[in-house]
Structures are given as structure tokens and as C-alpha cells.
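# Descriptive structure summary
Here's the letter readout for the chains.
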Amino acid sequence: MSGASFVEARRRVESKDRSRRDKRMPVERAAELVRDGDHIAIGGCLYSRTPWVTLRELLRQRRRDLTLSRNLLCYEGELFMVAGAARGIVTSWAGIGLPWGLSRIVREFVESGRVHFDEWSHLALGLRYRAAAMGIPFLPTLSMLGSDLLARAGARTMICPFTGERLCLVPALFPDVALLHVHRADPFGNAQIDGYPHMDADLAVAAATVIVSAEEIVDPEDLRRHADRTIIPFFAVDAVIEAPYGAYPHECYGLYEADLAHIDAYARGVASGGADAVHRYLDDYVYGPETFDAYLERFGLSRLLERRRAAQELSR
Amino acid sequence: MTYTVSELLAVSASRLLEDRRIVFAGVGTPLLASVLAQTTHAPNLTIVLEGGVIGPEMAPGRLPISTNEMRAARRGMLLPSITQIFLYAQRGFYDYGFLGGAQVDPYGNVNTSFIGPPDRPRVRLPGSGGACDIISHCREILIVTTHERRRFVERVDFVTSPGHLDGPGGRRRAGLLFGRVTKVVTNLALMSFDPATERMRLDALQPGVGLDDVRDHTGFELPATGDVPHLPPPGERDLAILRTLDPERTFLG
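Everything quoted here is computed from the prediction, not taken from an experiment.

This brings us to the packing of aromatic side chains. Residue and element names in this part refer to chain A. On inspection of all chains with the given rule, the structure shows 20 aromatic pairs over all chains. Judged by centre distance (6.4 Å) and plane angle (85°), the rings of Y75 and Y281 are edge-to-face. Taken together, the residues span a long stretch of sequence, with Y75 in the loop between β2 (66-70) and α4 (76-82) and Y281 in helix α11 (residues 275-287) at a distance of 206 residues. Ring centres of F234 and F235 lie 5.4 Å apart, and the angle between their planes is 65°; this geometry places the pair in the edge-to-face category. When its relative accessible area of 44% is taken as the criterion, F235 is described as partly exposed. Among the aromatic residues, those joined into a ring-pair cluster are W52, Y75, Y245, Y248, Y256, Y266, Y281, Y285, F292, Y295 and F299. Directly above the ring of Y287 sits R62, whose terminal nitrogen or CZ lies 3.8 Å from the centroid.

Next up, the structure:
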């Protein structure tokens, strides 16, 4: 992202159709809004509210040369690397989760130079999205000062003109597309999230194009009654996909817990089989099932219901 | 009484947490230590987790694997965005922060990014996550890790998270005005930093550990003054609490 990009990013917002209209569409059509070479920002965090329904479709449509950014990147990054869909990642952390150790795939692809890993501190990445959401070119922070991340990531320092103190400046990150999975949205794209907000509200207004998948599409009247809970405005949103279990096998707060047994099986498979295991996973869960419903059937109804009961128990 | 390395680390770290403070904890040992402290001597300790929760209460047997899953938010008081959780840190609200690391140097600088040269790394590690932010903003930083020679190195290959940098005045020169690494807890020892040099020094040994054991497992000189005392072993109650929290021993080893 160049220094002038905030001007261009503003023009992109001005020129898009921001009207209040019905934006519901099937995931197949929504995914066509993404072009080869785009920077895709992924909502949620690690294995929470991962927009699997849309990610899966991008892989099925064989997008190429994508850059993926996410606060903490889970194994969706591995799938895009092995599928040849990603050329770079922008994140503060890439792996699967604490018990599974280092990611063999991230190691292979990054160490060999096939994928560029652009590392920022967690707050610094959050502020990059925030700066973009504010429509400004950078934000100052006290994070990353003194670290080797600062220079390597391409952050800058300046002396504060008011206090004389040194500050780290992080450049705005304007994604081409943001993929967000939410609890409920109306057909216009107004959206609500239960539980952790993560960074989704900033992503929604930082990106040029926003694809929202929702557990439930609701009447706009329902959202008006609880307007204080709506954190994504319709004018930022370009596509609305109805997708119950759209984050599965990752969790959707209050609705279903992550399928940790599935994640564990994936992680063990990759630990022993490397990229071959990821190819098999892609065949089984991405290229094989033609629809998202068919994909969910791979997991089985009893598993989906059991994960829902587990979430309800926790919410009590 | 027998206990695992993780149990020892959790108990030792928990004893450093005072009541009525606010601790920025990660999953695993830091969370176990914080909950143990709440259950024993620090009932009013408030836990903050990176995924975006303030004041959660953990359910025994259902500890989170990641700080951003709903288990971690159980009975939380606030669920701010991740950016906001860290901005509270930058504003100065958090007393303690926990860090681990693949490499730690005598100044408490931590590397979780690369082993070997960053442009041709031998190992690409997962990265900072919130570690760089935690060490930059929390008032007191506790490094908790296993004690190995390859981990405790004279110079880290990459400073992901700045400790005392190159010694006195280092943080100030970099623009880091607040917070500092105060303690290092390992399965062999408890260490702090000499105010004059800001280098690590030995404060106490874990039960049954000798001075030579520590020095054999440390890749830099580790000074100590006088007789180095031993830390008390984990108590039966401490271990019982930990084992109730993590009955499947996901984190206790």
C-alpha cells in the first residue's frame, strides 16, 4: 500500500454503489467480487468467526496471487498456500493454535520464499486497519518501538511535534476485500455480531469491497429495534450471504463451539503428511463438496448439533 | 510430591501476582497461574485476554486453547475489540503482562519470529501476536518459560519484543517510556534484572536445583549475590487446584 493509497481508497468508496438495496446473493456470485491479486482481509480471529463459507468458495474458484491479512492467521492460510492461491500473508501470528506447535506449512512456504510473511504486532495491525477505517494514511503508537519488527515491517518513527517523544507510525492498510462472518444481517448489509467483536467493524469500513456472510438474515425492522447493537453499516457492504454454520468447523460465539477434534485431526495429518495432507483436505472439504450444505454434511448433523449444545452450555 | 514442569511454572508464576491487580494473560501457563492466584491469595485479580475479554472466570475442565474462543470469555465483564484491548494496555491500565519465547537474552529481549537470519531463517516462528504490545505497555512483565541453553542466549536472533534492549536507557532511547520486564520464571530458577546493568541475575533456585544446573542451561553469564535461596515447592492445594482446572492435562503436561 503506497503513501497515496488513502486518497485512492477514498475514491473507491465514493465510486461504489452505496445505496440501500437488497444485497443477498449466493456465495458463488459474491466470490466473483474478488479478483486475482487482491488483498483479502479475513474477519474473526484464529478459529473464531472465520468466514469459511466464502474462503472455501474463493479456493473453489481458483483465485490466484492473493494476499491474506488477519490479526491471527489460522490454518485457512495453509489451505491458500498449498492451493497456490496466496503469495503473501500480513499478520501478527500464523499457526493453528498453542497445542499444535509450529505450522509445518507456514514454515515450508515462508522459509522457501514462496510466500511472503509480513509481520506486525497485534496492536500495530489493528491500528493499520483502524487508520484505514478512519480514512487517514497512518496512526501513531508506542508499540513496536525498540523491536526489530519496526524496520522489517516498514513502520516509521517520528518525533511527536507536541511532546518531543518518539512514536512509531503504522501505515493504513486498505484491503481490496474484507470477508466477515456475523451472527445476523439484514438484506442491506447492516450487521450485528454477538460476543467478541474482534476487528470486524474496522475491516468493514477499511476495505473497498465487503462480503458479509451471516448465520441468519433478518428483517430490517428487527435490527432497527436493537440499532445500538449494529456495528457494520449497510453502506460499506456489497454482498450478503445467508450461511448458517458459515464459520464451521471454527466457532461462532454463542451458537457453536469450534470442532476441536476436527482441527486436531487436520493438524495431526499435516504434522505427519505435510502439504500432501493439505491437498487431501482440499479435495475432501473444498473441491469435493459442490455446495456449502454438502460441505456441512461431511461433518454430519450429530456433530453440528453437539457443537451447538456445547456452546449453549457455555453461555449459561 | 511430584509435579510437571508446567505445574511448577504455573505455581511459581502465580505467587508473583498480587491481589487487586490486572493481569494480561495468555492461554496455557499464564492463564493457569492467574486462575490459581485468584483461587488462592488474589481473589480480586482481574484477568484480561488478548482475544477481547476483561474479567472472565474459567470453568474447570473447559480451559480455552486460544484467547479468542468463547470458553475464554466465560462470565467476562467486557468484550472489547482486540484493538481496544491493546489500547487499554497502551493507556496504562494493566499491571502485569506474561510472555514466553523461543529465545530470551540477558536483557529480557524476546524472540518469537525467526531462528537464524531473518532473510534466510532456519525456522520461521509464528510471530509476535500480542507479545510485542504486551512488553511495550504493561507495567511489569513476567517471562515464563522452560530453562534451556538454546533458549537463554547472549543475543536473540531477532527482537520481536523489546526487554531492556541494550541496557540502561535503552527503552527510553527507543521511545518506550513505560513498563519493564521484571521477572523471569523457569523450571530451574527465578531471575530478575540488576538495576545498574539491566542484565538478568539469579534470585532463587527451584526446589532440588543447584547453581551449576542453572548455569549449565544458560547461554550467558548469570550473576548471583551471596547464598541463593530455594523457592518453596508447589503446595498440595496448588496442585489440586491446577489439576481440577485442567483434568485432561492439555496444559499441565
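The interface is formed by 57 residues belonging to chain B together with 54 residues belonging to chain A. Carbon and sulfur atoms supply 59% of the area that chain B and chain A bury against each other, a total of about 4,500 Å² over both sides. The largest share of the area that chain B buries against chain A comes from M70, R124 and P126 of chain B, three residues that together contribute 18% of it. Run the count over chain B and chain A and you get six salt bridges. In this structure, R62 of chain B engages E257 of chain A in a salt bridge whose closest nitrogen and oxygen atoms are separated by 3.0 Å. Seen at the junction of chain B and chain A, the total is 33 residue pairs in polar contact (both at pLDDT 80 or more). Of all the elements in the fold, those that place two or more residues in the side of chain B that touches chain A are α3 (82-91), β8 (123-124), α4 (131-137) and α5 (170-174) of chain B. At five residues, the largest contribution of residues to the side of chain B that touches chain A is made by α3 of chain B. A class-by-class count of the residues in the side of chain B that touches chain A yields 27 nonpolar, 18 polar and 12 charged.

Residues and elements named next belong to chain A. Ordered in space as β5-β7-β6, the three strands form an open sheet in which the pairing is antiparallel. Looking at the sheet topology across the chains shown, the edges are occupied by β5 (138-141) and β6 (156-159). Going from strand to strand, the sheet's axes swing by 40° on average, the running direction of each strand aside. Alignment of β5 against strand β7 (residues 166-171), held across four bridges, turns out to be antiparallel. Within the sheet, the bridge partner assigned to P140 lies in β7 and is L169. Across the sheet, helix α6 (residues 122-134) lies against β5 and β7, angled at about 140° from β5, the strand it touches most.

Attention now goes to the sheet that holds strand β4 (residues 96-99) of chain B. All names here are of chain B. Taking strand neighbours across the sheet as the criterion, the eight strands line up as β3-β2-β1-β4-β9-β10-β11-β12 in an open arrangement whose pairing is mixed. Each edge of the open sheet carries a strand with a single partner, namely β3 (53-54) and β12 (200-205). Relative to strand β2 (residues 46-49), strand β1 (residues 22-25) is paired through four bridges, and the arrangement is parallel. Of the residues in β2, the one forming a bridge with A25 is L49. Here helix α2 (residues 29-39) sits on the sheet and contacts β1, β2, β4 and β9 (140-144); the angle it forms with β2, its principal contact strand, is near 160°.

The rules behind each value
- Residues numbered from 1 in each chain as written.
- Chains lettered and ligands numbered in written order.
- Predicted model: local features only at pLDDT ≥ 70, side-chain atom pairs only at ≥ 80, totals over all residues.
- Heavy atoms only, no water.
- Phe/Tyr/Trp six-rings, centres within 6.5 Å; stacked < 30°, edge-to-face > 60°.
- Helix = DSSP H or I, 4+ residues; strand = E, 2+ residues; numbered from the N terminus.
- Buried < 20%, exposed > 50% of the residue type's maximum accessible area, 1.4 Å probe, protein only.
- Lys NZ or Arg CZ within 6 Å of the ring centre and 35° of its normal.
- Contact = heavy atoms within 4.5 Å.
- Buried area = accessible area lost by both parts, 1.4 Å probe.
- Salt bridge = Lys/Arg side-chain N within 4 Å of Asp/Glu carboxyl O.
- Polar contact = N/O pair within 3.5 Å; in protein donor to acceptor, adjacent residues only side chain to side chain.
- Nonpolar A, V, L, I, M, F, W, Y, C, P; charged D, E, K, R; others polar.
- Pairing = 2+ DSSP bridges.
- Axes fitted to C-alpha atoms, helices over the stretch in contact; angles between N-to-C directions.

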